[in-house]
Every structure is written in structure tokens, then in C-alpha cells.
Amino acid sequence: VTYKEDLKNIVNEKNESIYKDIDVSAIEIIDENDEENTFDTSRLKYVENGKYGLLDFSGKKITEAKYDEIISLTDKYGEYRVKKDNKYGVLSNKGVELVDIKYDYVAGDGYSVDGSYKEAGYIVGKKTDDGILYGYIDKNEKEILKMENENVYRTSKRNNKKTQFKLRRRIS
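What comes next is a walk through the structure. If you're wondering where the values come from, they're calculated on a predicted model, not measured in any experiment. (Residues numbered from 1 in each chain as written. Predicted model: local features only at pLDDT ≥ 70, side-chain atom pairs only at ≥ 80, totals over all residues. Heavy atoms only, no water.)

Quick notes on the pattern of salt bridges
Stage number 1. In the structure shown here, the tally under the stated rule is five salt bridges.
Stage number 2. Linking Arg81 and Glu69 is a salt bridge whose minimum nitrogen-to-oxygen distance equals 3.2 Å. With a gap of twelve residues between them, Arg81 in strand β7 (residues 79-84) and Glu69 in strand β6 (residues 69-72) connect regions that are remote in the sequence.
Stage number 3. Across the pair Lys87 and Asp104 runs a salt bridge, and its minimum N-O distance is 2.7 Å. Residue Lys87 is located in strand β8 (residues 87-92), and its partner Asp104 is located in the loop between β9 (97-103) and β10 (105-108); the two are separated by 17 residues in the primary sequence. (Salt bridge = Lys/Arg side-chain N within 4 Å of Asp/Glu carboxyl O. Helix = DSSP H or I, 4+ residues; strand = E, 2+ residues; numbered from the N terminus.)

Given below as C-alpha cells:
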């Protein structure tokens, strides 16, 4: 797959348009969460009626266009932070919901083993009158830390199946 100069019309090696049934002006590259000029190379996103969905490079729609935002998680390749009705969750590149769309904040924890983020979990947050409070869920969405911290950082590898965190909590 190569890109023509406008990055909107995606063509194969014979310079034939891959997308015949989709308005190519509605196809976008998925930007990474906090990286400028970088993008996810496993999926594209498309727009219908002002909402986004996932699309593979053959033109197959992976999800319906029902999200307000889709951004690649920087430290979890092939996973996407999605926004719907002002809440965030995570989708896989197969369109499977990995984290329920119910949080005010969600991000990968940055944990890797030999360059793989497969065992990484997610830092999640909820809005309060005093700002966002953060917690932690593992890769299976099991709550490890309640959302009651001003900051949550995963600081180490798993030792005896225990993950260590650096926390900052409000005392009063």
C-alpha cells in the first residue's frame, strides 16, 4: 500500500484505488496520542455523519462510525483510545472493546517487557469538582487501584505478580 501525494487516495502497487465504495475524502490516518507527525500503521479511520469508525487497508469497515474521536495509544500499538458521549475507552485493531467507554481519562501505563506492551494495563480517571482522580486497571479491566489519586505512575516490572506504583494522593 502506498499513498498518493494528498494522503487521501490510498492505492495499491498498480496505482489502483483500493476504496471504491467509500468516499476517500472521509478517510484519515490515525494520529498517535501525543506524537506529532506519527501515525498508526495498522488501521485507518473513516468519517460518516460526523462520527468515526475503524477501517482496514483493504477498505473493510472494522467498526461502525459511532465514535467522536479515535486516537492511537502511543504505548499500546494496535489499540485505540475512543471517545463517545464525552467518555473514553479502548478498542483493539479488530474493533473489540478492551476497556469500557465509561472513563473521563484513559491511557496506557507505558509498561513493556522486551519491547512488548502486551502485559500493560491502563491508567483511568474520573472528573471531580477538584479535578481528575486516577486509578489503574489491568489488561483484563480488573481494578487494581481505585480512582482516588492525583497521579498514578507504574514504576516497575511485575515482581511475584505484584506491580508497583508511585502515587500522589490528596490528604485533605
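Observations concerning the nonpolar core
Stage number 1. Leu73, Tyr88, Val90, Val99, Tyr103, Val106, Tyr122, Val124, Ile137 and Met147 together form the largest nonpolar core, which totals ten residues.
Stage number 2. Elements that contribute at least two residues to this core include exactly β8, β9 and β11 (122-128).
Stage number 3. For Val124, the residues in contact, after removing those within four places along its chain, are Tyr103, Tyr105, Val106, Leu133, Tyr134, Gly135, Tyr136, Ile137 and Met147. (Core = buried A, V, L, I, M, F, W, Y, C linked by side-chain atoms within 4.5 Å. Buried < 20%, exposed > 50% of the residue type's maximum accessible area, 1.4 Å probe, protein only. Contact = heavy atoms within 4.5 Å.)

As for the sheet that holds β10
Stage number 1. What the four strands build is an open sheet, ordered β10-β11-β12-β13; its pairing is antiparallel. Taken across any chain shown, the strands that pair with only one partner, and hence form the sheet edges, are β10 and β13 (143-149). Looking at each pair of strands side by side, their axes are set apart by 20° on average, direction ignored.
Stage number 2. Two strands pair when backbone bridges link them, and β11 and strand β12 (residues 131-137) are joined in this way by seven bridges, in the antiparallel orientation. For Gly125, the partnering residue across the bridge sits in β12 and is Tyr134. (Pairing = 2+ DSSP bridges. Axes fitted to C-alpha atoms, helices over the stretch in contact; angles between N-to-C directions.)

Observations regarding the pairing of β7
In summary, the side chains of a regular strand alternate between the two faces of the sheet.
Stage number 1. Taking burial as the measure, the six residues of β7 include five buried ones, the bulk of the element.
Stage number 2. For β6 and β7, the ladder comprises four bridges, and the chain directions are antiparallel. What sits directly across from Ile70, in β7, is Val82.
Stage number 3. Between β6 and β7, which pair antiparallel and follow one another directly, the connecting turn spans six residues, one of which, Gly78, has a positive phi of 85°.
Stage number 4. The pairing of β7 with β8 spans six bridges and is classified as antiparallel. If you follow Glu79 over to β8, its bridge partner there is Ser92.
Stage number 5. The loop that links β7 with its antiparallel partner β8 comprises two residues; one of these, Asp85, has a positive phi angle of about 55°.

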